[in-house]
Structures are given as C-alpha cells and as structure tokens.
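Working through the structure, step by step
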Amino acid sequence: EDLQSDEAQGYSNERFFKLIHRLKNIEKPMLDNKYCVVFCKASEYAKHIAACYDDVGISSDELMDYQTHAVYDRDLWIAVTECGRNEIIASGIAELDTDIKEGVLEWIQVLPEYRGKGLGKFVVRELLWRMKDKAEFVTVSGKVDNPTNPKELYLACGFSGEEIWHVMRK
C-alpha cells in the first residue's frame, strides 16, 4: 500500500527490519581476555538494558516472566563484564523455539562507552554458536531508524534479508 496516501496522513510511521541467519559455518567466537562472560540476575539485565537506551526499557519482572516461557533457555542469556568488575557492559538475550527450530535474538546491547570494541559482535556470534546445534535458523528484528544502526551489526555477523515492515500509529 502507498504509505504516502491521504489515509496515511496523521499517522507516525516506524520502520522495522527483519533478518535471518541460516547457521552455516558458525565458528566459536573469541573474547578478549580482559572481558568475562558471567551469569547475572534478571534485575541486572534490566538495569543494563536501561543504561543502553534512551527510549527503551524492560522491567526486572518482565525479564523474570521471560524465564517462564517455553522458549526460555538459560544458556541463551549472556552478560559480559570487564574481568574483576560487576557491571555488565554488553549483553544478549535470545529465545529458542524447539518446535520450529527457530532462535530469536531479543535484547542485544552494549553500553555506549564500550561500543566499537567488538563486544556486540561477540555477543551475537556467541548466541549463534550456542544455537547452532539446536536451531535451523535465527531471526532478529529492530528499528530501521535506530541511531546505533543495529542492522549493520547483524549483517556483519552473517544475517541477511531485506524485509521492512511499517508500524503506523495515530
């Protein structure tokens, strides 16, 4: 449909991308030895997510609710710290639907001061590595007009696709 039509006037138009990874030729990612992968509580993930975004967040209760879903897999929650420190600097949460063998990347973020150091690529690639024998494919979606340009990160990690959809709001 023509998004410039008279009917579309007065609506905000948010564009989203959707990409897919077929999990071919996945290699174990390496993390610089000054960083560590640690186990964290839902509240720590929620705090980290809030620190990474100006306009997006999720509560500890919502994240704890994620853990009750059939697609929850504890191994698909990754937190990265500087070794010896307790603050999460990068994290990722994925889900795995074992019925259709689809992995979904949900929350991938890096603190602003740590962006550009390869931590986002590590988190995405580590999640792909952990799903390679459990899923047939992995999808991810996000806002096209996000200033951090997550689509480029996913493309650099082997995702592909050109799907764009529009969410129109009055």
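Just above, that's the structure.
Read on for a plain summary of the structure. (Residues numbered from 1 in each chain as written. Predicted model: local features only at pLDDT ≥ 70, side-chain atom pairs only at ≥ 80, totals over all residues. Heavy atoms only, no water.)

What follows covers the overall build of the chain. A count of helical and extended segments in the chain gives four helices and seven strands. Secondary structure of the chain in N-to-C order comes out as β-β-α-α-β-β-β-α-β-α-β. Whereas a compact globule of 170 residues would reach a radius of gyration of roughly 15 Å, the chain reaches 17 Å, a difference of no more than 12%. Considered along the principal axes of its C-alpha atoms, the chain spans approximately 55 × 35 × 35 Å. Going through the 170 residues of the chain one by one, you find that 38% of them count as buried. (Helix = DSSP H or I, 4+ residues; strand = E, 2+ residues; numbered from the N terminus. Rg over C-alpha atoms; globule rule 2.2 N^0.38 Å. Buried < 20%, exposed > 50% of the residue type's maximum accessible area, 1.4 Å probe, protein only.)

With that settled, consider helix α3 (residues 119-131). Taking 1.5 Å of rise per residue, 13 residues should cover 18 Å, and α3 covers 18 Å from first to last C-alpha, within 8% of that figure. Within α3, the full set of buried residues consists of L119, G120, F122, V123, V124, E126, L127, L128 and M131. (Expected span 1.5 Å × (residues − 1).)

Sheet strands pair by backbone hydrogen bonding; their relative direction is either parallel or antiparallel. Strand order in the open sheet formed by seven strands is β2-β3-β4-β5-β6-β1-β7, with mixed pairing between adjacent strands. Two strands in the sheet have a free side with no partner beyond their single neighbour: β2 (35-38) and β7 (160-169). Across this sheet, the average inter-strand angle for adjacent strands is 25 degrees, counted without regard to direction. Note that β2 and strand β3 (residues 77-82) share four bridges and pair antiparallel. (Pairing = 2+ DSSP bridges. Axes fitted to C-alpha atoms, helices over the stretch in contact; angles between N-to-C directions.)

Here we come to the packing of aromatic side chains. A complete count under the given rule lists six aromatic pairs for this structure. With 5.7 Å between their ring centres and 15 degrees between their planes, F16 and W165 make a pair best called stacked. With a gap of 149 residues between them, F16 in strand β1 (residues 12-21) and W165 in strand β7 connect regions that are remote in the sequence. Exposure remark for W165: the relative accessible area of 33% places this residue in the partly exposed category. Their ring planes at 50 degrees and their centres at 6.3 Å tell us that F17 and Y154 sit as a pair that is tilted. (Phe/Tyr/Trp six-rings, centres within 6.5 Å; stacked < 30°, edge-to-face > 60°.)

Before going further, it helps to spend a moment on the side chain of T81. Mapped onto the secondary structure, T81 falls in strand β3. What T81 contacts, discounting residues up to four positions off in sequence, is K34, Y35, C36, V38, N86, E87, I88 and I89. (Contact = heavy atoms within 4.5 Å.)

According to the stated counting rule, one finds one disulfide in the structure shown. Note that C36 is cross-linked by a disulfide to C83, the S-S spacing being 1.9 Å. Residues C36 and C83 are joined through a disulfide that is right-handed, its torsion about the S-S bond being 110 degrees. One end of the pair, C36, is in strand β2; the other, C83, is in the loop between β3 and β4 (88-97), and 47 residues separate them in sequence. Classification of C83 by relative accessible area gives partly exposed; the value is 33%. (Disulfide = S-S within 2.5 Å.)

Turning next to the nonpolar core. With 31 residues, the main nonpolar core has V80, L105, L127, Y154 and F159 as its most contacted residues. Of all the elements in the fold, those that place two or more residues in this core are β1, β3, β4, β5 (102-110), α3 and β6 (137-143). The biggest single contributor to this core is α3, with seven residues. Here L105 is in contact with I93, A94, V124, L127, M131, V138, T139, V140, Y154 and F159, once residues within four sequence places are set aside. In terms of nonpolar packing, the next biggest core, distinct from the first, is built from 13 residues, I58, L63, Y66 and I88 among them. (Core = buried A, V, L, I, M, F, W, Y, C linked by side-chain atoms within 4.5 Å.)

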